[in-house]
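Letter by letter, the chains look like this.
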Amino acid sequence: MCFILMVFFPPVTGYMQVFMEPSYNWTVFYALMYYFTYCQFFLCAYIAFIRFILIYFPLKGTDILKKTFWLFVVLLLITSYAPTWHLWFCKTYFGPIDKRYTKGYLIFSISYKKLEWMNVSNSKNSIIYYFIFLTISFILNLTSLIKLIFKNLLSSVGKKKSVKGNVSMLIYSLIVMVVQLLFISLNCVWYFTDPNTPDMSIYHICQKLRVYVYHLMCLLQPYALILLSKSTRNILKNIIINSFKTRHQSGSTKIQINRV
């Protein structure tokens, strides 16, 4: 039994043909791909938890987060490893996708082969895990939003600035949740598609979209950091300005040397 995780396109596929037989060459890579995805869902829920604590406990919130930090680190490691334990023992291989769905190109996908004693469904584990932590994020963000609405209505003008910052972070969390929901939806289509269906177009479309959505999930964090953090924007601004100054100075130096 195998489940496709990642698609490799030309010209990389030419190098993947040597791994068509099941082996442990790519086992760690395959397991880590799932492991880090689980970590990301957990961390998004943890961000929602941080926002919830700081909004509902503005005075004691920082102390609560400090005391529970290492607890959440342990939970992150355990909960992300639990659904992937079997992947570390499975062989992986690269299989070609039917050329009817690749416009004639030779495209490989990495898959894993379960051992006979493993009664585990990797896709099922993924969907359950994603839904659990997405639900936690949704509940925490919803309760935080309710609190912010009432806090904004009752706050003075001075306090509304801090409320605005919390709202920005909350909007970011909601955007991440939408992307995660899209990711889960693609996984559901992938999981519930009958492999014996004559037309597997939807299956392969979701498979390709899943890669792009996953990349979007990963890139939201740095983009959000730039948009929401003024200090980060200032650092990037200074780097860009200094790089232009350096180029201008080097250009001026060359002109002076040529004149001499």
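Rules and cut-offs
- Residues numbered from 1 in each chain as written.
- Predicted model: local features only at pLDDT ≥ 70, side-chain atom pairs only at ≥ 80, totals over all residues.
- Heavy atoms only, no water.
- UniProt positions renumbered as here; feature names shortened; annotations may be inferred.
- Helix = DSSP H or I, 4+ residues; strand = E, 2+ residues; numbered from the N terminus.
- Contact = heavy atoms within 4.5 Å.
- Areas by Shrake-Rupley, 256 points an atom, 1.4 Å probe, with all protein chains shown as cover.
- Core = buried A, V, L, I, M, F, W, Y, C linked by side-chain atoms within 4.5 Å.
- Buried < 20%, exposed > 50% of the residue type's maximum accessible area, 1.4 Å probe, protein only.
- Patch = residues over 30% accessible without salt bridge, like charges linked within 9 Å, V, L, I, M, F, W, Y side chains within 5 Å.
- Salt bridge = Lys/Arg side-chain N within 4 Å of Asp/Glu carboxyl O.
- pLDDT = per-residue confidence, 0-100.
- Axes fitted to C-alpha atoms, helices over the stretch in contact; angles between N-to-C directions.
- Parallel < 35°, antiparallel > 145°, perpendicular 65-115°, else oblique.
- Left-handed = near helix turned anticlockwise from the far one by under 90°.
- Nonpolar A, V, L, I, M, F, W, Y, C, P; charged D, E, K, R; others polar.
- Expected span 1.5 Å × (residues − 1).
- Bend = angle between axes of the 7 residues up to and from the residue.

Looking up the chain in an unreviewed UniProt entry gives the name Serpentine receptor class gamma, with the organism given as Strongyloides papillosus. Here the chain is described in UniProt, under the heading Subcellular location (unreviewed entry), as follows: "Membrane". Per UniProt, the chain carries the Sequence similarities (unreviewed entry) text "Belongs to the nematode receptor-like protein srg family."

K.L.:
So what exactly am I meant to see when it comes to the overall build of the chain here?
P.N.:
The number of helices and strands found in the chain is 7 helices and 3 strands. Ordered by position from N to C terminus, the α and β elements of the chain give β-α-α-α-β-β-α-α-α-α. Pairs at least 24 apart in sequence give 76% of the contacts found in the chain among residues at least 6 apart. Total accessible area on the chain is roughly 16,300 Å²; 70% of this is exposed by carbon and sulfur atoms.

K.L.:
Would you mind showing me how to read the nonpolar core here?
P.N.:
Nonpolar side chains tend to gather and get buried jointly when the protein is soluble and globular. Grouped together as the largest cluster of nonpolar side chains are 45 residues, with contacts concentrated most on Phe41, Phe42, Phe49, Tyr129, Tyr130 and Phe183. Those elements that provide at least two residues to this core are α2 (27-56), α3 (61-81), β3 (108-113), α4 (122-154), α5 (160-192) and α6 (201-228). In terms of residues, this core owes the most to one element, α2, which gives 15 residues. With residues near it in sequence (within four places) discarded, Phe183 still touches Thr37, Phe41, Tyr130, Arg210, Val213, Tyr214 and Met217.

K.L.:
It is not clear to me how a nonpolar patch on the surface should be interpreted in this structure. Could you clarify?
P.N.:
A cluster of nonpolar side chains, Tyr56, Phe57, Phe138, Ile139, Leu142, Leu145, Ile146, Ile149 and Phe150, forms an exposed patch at the surface whose accessible area comes to about 810 Å². Take the nonpolar patch: its biggest share by element is 7 residues, from α4. With respect to the helices and strands, Phe150 occurs in helix α4. The class of Phe150 is exposed, set by a relative accessible area of 52%.

K.L.:
Looking at this structure, I do not really get the UniProt feature "transmembrane region" (unreviewed entry) in the chain. What am I missing?
P.N.:
This chain's UniProt record puts "transmembrane region" (unreviewed entry) on residues 30-57, 69-88, 127-150, 170-192 and 212-229. In residues 30-57, the share of helix is 96% and the share of strand is 0%. The end C-alpha atoms are 41 Å apart. Annotated as residues 69-88, this span is 65% helix and 0% strand, and its ends, taken at the C-alpha atoms, are 28 Å apart.

K.L.:
Looking at this structure, I do not really get the confidence of the model for the chain. What am I missing?
P.N.:
Interpretation of the predicted coordinates at a detailed level should be avoided for regions scoring low in pLDDT. In this model, the chain carries an average pLDDT of 76, and 74% of its residues clear a pLDDT of 70 or more. Of all helices and strands in the chain, the one with the weakest mean pLDDT is strand β1 (residues 6-8) (50), whereas α3 scores best (92). Long-range and interchain partners of residues 1-6, a stretch whose pLDDT sits below 50, account for 33 contacts in this model, where long-range means more than four residues apart.

K.L.:
Explanation requested: the environment of Gln40 in the structure shown.
P.N.:
With respect to the helices and strands, Gln40 occurs in helix α2. Its relative accessible area of 11% is what places Gln40 among the buried residues. Remark: the alpha-carbon pair of Gln40 and Gln180, spanning 140 residues in sequence, is separated by 9.9 Å.

K.L.:
Help me understand the packing of α2 against α3 in this model?
P.N.:
Each pair of packed helices can be summarised by the angle the axes make with each other and by the distance between the axes. Their axes nearest at 10 Å, the elements α2 and α3 cross at an angle of 160°. The angle between α2 and α3 falls in the class roughly antiparallel. Crossing hand, α2 versus α3: right-handed. Class assignment of the residues belonging to the contact of α2 with α3 gives a composition of 18 nonpolar, 5 polar and no charged.

K.L.:
Can you help me understand α3 in this one?
P.N.:
Given a rise of 1.5 Å per residue, 21 residues ought to cover 30 Å, and the 29 Å separating the end C-alpha atoms of α3 matches this to within 8%. Its maximal kink placed at Thr68, α3 deviates by approximately 45°. Buried within α3 are the following residues: Gly61, Leu65, Thr68, Phe72, Leu76 and Ser80.

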